[in-house]
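# Remarks on the overall topology
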Amino acid sequence: QHPDTLLSIANFAFFLKQRGLYDEARPLYEEALNGHRETLGNQHPDTLLSIANFAFFLKQRGLYDEARPLYEEALNGHRETLGNQHPDTLL
């Protein structure tokens, strides 16, 4: 999938989440994340952002056990690809 299409999917997921349509938003967050992994690889900054966005969605839903490994993956990926002092790592 084209990265712009994946961004549109993620944006629509965010819109649905903001409207409280969580059951509709989750599969779109997952689709965007899986698409980024397949298209760009696990260490690409856009993939890492998609991982963090899905983790944030899960955290907001109170699904902490599902969110934690994704947050850890995003942090470790940012450290490996961008370094410890990069602004995206520090977020």
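Reference entry: report on the structure contained in this document. Throughout this document, residue positions are counted from 1 along each chain, in the order its sequence is written. It should be noted that, the model being predicted, local features are given only for residues of pLDDT at least 70 and side-chain atom pairs only at 80 or more, the latter also being counted only at that level, while totals for whole chains, interfaces and linings use all residues. In computing side-chain properties, one takes all heavy atoms of the structure into account and sets aside hydrogens as well as water.

It is worth spelling out the packing of aromatic side chains at this point. The geometry of an aromatic ring pair is captured by the separation of the ring centres together with the interplanar angle, meaning the angle of the planes. Pairing of aromatic side chains here covers Phe, Tyr and the six-membered ring of Trp, requires ring centres within 6.5 Å, and sorts the geometry by plane angle: under 30 degrees stacked, over 60 edge-to-face, intermediate tilted. Following the criterion strictly, the structure yields 5 aromatic pairs and no others. For the pair Tyr29 and Phe54, a centre-to-centre distance of 6.3 Å together with 25° between the ring planes defines the contact as stacked. Highlighted residues: Tyr29 in helix H2 (residues 22-40) and Phe54 in helix H3 (residues 45-60), separated in sequence by 25 residues. Here Tyr29 matches Phe54 in class, with each residue buried. Secondary structure counts use DSSP, requiring at least four H or I residues in a row for a helix and at least two E residues in a row for a strand, with both numbered from the N terminus. Exposure categories follow from relative accessible area, calculated using a 1.4 Å probe and restricted to protein chains: below 20% of the type maximum is buried, above 50% is exposed, and the middle band is partly exposed.

With that settled, the discussion passes to the nonpolar core. Each nonpolar core is a collection of buried residues, namely Ala, Val, Leu, Ile, Met, Phe, Trp, Tyr and Cys, held together in the definition by side-chain atoms within 4.5 Å. Tyr29, Ile51, Phe54, Phe57, Leu58 and Leu70 are the most contacted members of the largest nonpolar core, which has 19 residues in total. Every element with two or more residues in this core is listed here: helix H1 (3-18), H2, H3 and helix H4 (64-82). Considering every element that reaches this core, the biggest residue donor is H3, with 6 residues. Whether two residues are in contact is decided by their heavy atoms: any pair within 4.5 Å suffices. Among all residues touching Ile51, those that are not within four sequence positions of it are Leu33, Arg37, Asn42, Leu70, Glu73 and Ala74.

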